[in-house]
Amino acid sequence: MKILIIDDEKNICSAIKGILEDEGYECDYSLNYAEGFRKLQENKFDVLFLDIWLPDIDGTEGLKEIKRHFPEIDVIMISGHGTIETAVDTIRYGAYDFLEKPLSLERIVMIIKHLDDKASLMQDLRSSKYKNVKKYDLIGVSQQITRLKERIEKIASMNSWVLITGENGTGKEHVARLIHMLGKRADKPFVEINCSAVPTELIESELFGSEKGAYTGSVKRKIGKFELADGGVLFLDEIGDMGLMMQAKLLRVLETGEFSRLGGNEIIKSDFRLISATNKDLQMEIQSNRFRSDLFYRINVIPIEVPPLRQRKDDIPLLVNHFVQETVNINGLQEKQITDKLMDIFINYDWPGNVRQLKNIVERMVVLSEDDVLDVKDAPNILLSGSNDIEIHVDNNYSPSLKEARDEFEKTYILKALQANNWNVTQTARILDMERTYLYRKIKAYDLEKYKK
């Protein structure tokens, strides 16, 4: 375990460093915040002792910045002028503990040993039951993502059904998998089906399964998703795209827990936890007679909304650095850094494709750049073209309807995305998170070809 101390009193730093090194821990210290922050950037530390009163920054503000950039580090605040209010504030901002001067060296050793035991326990958990949790972890320290994590942890151990809503690319599947991994059914199957990706005529056999000869081409028994999910979790992604007839059949299974394979008479029971997800407003779909209200009330036991990236911009630096490191590791590349100017561009962009779009763009930049430092010149045009700035002109004689305004925004946005990607439809479709054929239909509907040069 590596420990850093930031305090302007050298004797305090030396005392903490000496006692902890005697216990076998690796320690370093800095006498001001700027130097300490630089050391945090250059080396990985597990624990930080941070003084409230520093010559170059207020310790509470330093704590906020450190938790933004290094959310996993445990911070212990120390102060010779501490108050209960200050202690409560620092704990709220992410500090692990608060110590008053004169310091008790015995208590410092006790805290560090407790953190060491906690780190060992967490390592054991990660290597066993939770070995895959990090892959689907929700990265961020914003208020929105913190609340989302707390809600997931609270409901994961229950069996109640969950409805996850949110825009495309926000990470709804990650939320579903986390609920499964942290729940009582973690050692049972996680069975998923994307309701928008399976043709209407095939989704029934995918869910119910089928007997040999049930339909043309059925040469053997097929086990459906309902049956495969027995004891585990069934994840119905994009349930808002399911047809009305299939919704009625799904509702019957959810009410009885029983079904039969297509072409068969055997009654099969399945005990699964249902998690559904959609990027649609199901209340509006109900009003438009595209979604059954009784099915909505059945699946919407515990609602979870995943916020779009534009509403949690505090998380963007963490996400960018995570995706840079992930891409570097996967591809065996040299370490790469992001300049502050480029990071500002990432932060100020609205990310209509959310985290998925951010990940794709960061990955592309890291792979294509030959430099160790990524700067504004490496950013794709879509981030630099001002495509967030859609002007709306309304006069006293005419105000566009919501549909007209939405269509005009969509037309302008798609056009700018195509231009930024040199009219590469496949690449543009990937960035916009839509099917290529659907993008072609939009190009034709908005007559965008005439803008192509």
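Each chain carries its own residue numbering, running from 1 in the written order of its sequence. Local features are withheld for residues below a pLDDT of 70 in this predicted model, meaning they are given only at 70 or higher, and side-chain atom pairs are given and counted only at 80 or more; totals for whole chains, interfaces and linings count all residues. Note that water and hydrogens are dropped before the side-chain values are worked out from all heavy atoms of the structure.

**Topic: unusual backbone geometry**
Threshold: Labels follow the DSSP assignment, with helices taken as runs of H or I lasting at least four residues and strands as runs of E lasting at least two, numbered in each case from the N terminus. Burial classes follow relative accessibility: with a 1.4 Å probe on protein chains only, a residue under 20% of its type's maximum area counts as buried, one over 50% as exposed, and anything between as partly exposed.
In the segment running from Lys-101 into Pro-102, the intervening peptide bond is cis, with an omega of 0°. Mapped onto the elements, Pro-102 comes out in the loop between β5 (97-100) and α5 (105-127). The phi angle at Trp-423 is positive, at roughly 60°, despite the residue not being glycine. Residue position: Trp-423 is located in the loop between α17 (402-420) and α18 (425-432). The phi dihedral of Asp-447 is positive, around 55°, even though this residue is not glycine. Considering the arrangement of structural elements, one finds Asp-447 in the segment after α19 (436-445). Residue Asp-447 is classed as partly exposed on the basis of its relative accessible area of 41%.

**Brief notes about the UniProt feature "domain: Sigma-54 factor interaction" (unreviewed entry) in the chain**
Selection criterion: UniProt positions are given in the numbering used here, feature names are shortened, and annotations may be inferred rather than shown by experiment.
Cross-referencing UniProt, the feature "domain: Sigma-54 factor interaction" (unreviewed entry) maps to residues 138-367 in the present numbering. Secondary structure content for residues 138-367 is 44% helix and 15% strand, and the end C-alpha separation is 24 Å.

**Observations regarding the pairing of strand β14 (residues 302-305)**
Defined as follows: For two strands to pair, DSSP has to find at least two bridges joining them.
Of the two faces of β14, only one is covered, namely that formed by Ile-302 and Ile-304; the face formed by Pro-303 and Glu-305 stays uncovered. Where strand β6 (residues 162-165) lies against β14, 4 bridges are found, and the strand directions are parallel. Bridging across to β14, Ile-164 finds its partner in Ile-304.

**Describing the environment of Ala-445**
Relative to the helices and strands, Ala-445 resides in helix α19. Separated by 34 residues in the primary sequence, Ala-445 and Lys-411 have C-alpha atoms spaced 9.3 Å apart.

**With respect to the sheet that holds strand β10 (residues 233-237)**
Keep this limit in mind: Only the stretch in contact is used when a helix axis is fitted, and all axes are lines through C-alpha atoms; the angle between N-to-C directions ranges over 0 to 180 degrees. By the convention used here, residues are in contact when the closest approach between their heavy atoms is within 4.5 Å.
Read from one edge to the other, the open sheet built from 5 strands follows the order β7-β10-β13-β6-β14, with strand pairing classed as parallel. Bordering the open sheet on either side are β7 (190-194) and β14, each of which pairs with just one other strand. Shown here is a sheet whose adjacent strand axes are inclined to one another by a mean of 15°, direction ignored. Running at roughly 155° to β14, helix α6 (residues 143-155) makes contact with β6, β13 (273-278) and β14 of the sheet.

**Observations regarding the side chain of Glu-211**
Definition in use: Any pair of nitrogen or oxygen atoms within 3.5 Å is treated as a polar contact; in protein, a donor-acceptor pairing is required on top of that, and neighbouring residues in sequence qualify only through side-chain atoms on both sides.
On the secondary structure map, Glu-211 appears in the loop between β8 (209-210) and β9 (222-223). A distance of 3.0 Å separates the side chain of Glu-211 from the side chain of Arg-221, its partner in a polar contact. Apart from the residues lying within four places of it in its own chain, the contact partners of Glu-211 are Ser-218, Lys-220, Arg-221, Arg-261, Leu-262, Gly-263 and Gly-264.

**Details of the sheet that holds strand β3 (residues 47-51)**
If you walk across this open sheet you meet the 5 strands as β2-β1-β3-β4-β5, and the pairing is parallel. Each end of this open sheet is capped by a strand with a single partner; those strands are β2 (26-30) and β5. For this sheet, the mean inter-axis angle between neighbouring strands, taken without regard to orientation, is 20°. With 4 bridges joining them, strand β1 (residues 2-6) and β3 adopt parallel strand pairing. From the neighbouring strand, Ile-5 faces β3, where its bridge partner is Phe-49. Running over the sheet, helix α1 (residues 10-22) touches β1, β2, β3 and β4 (74-79) and is turned about 175° from β2.

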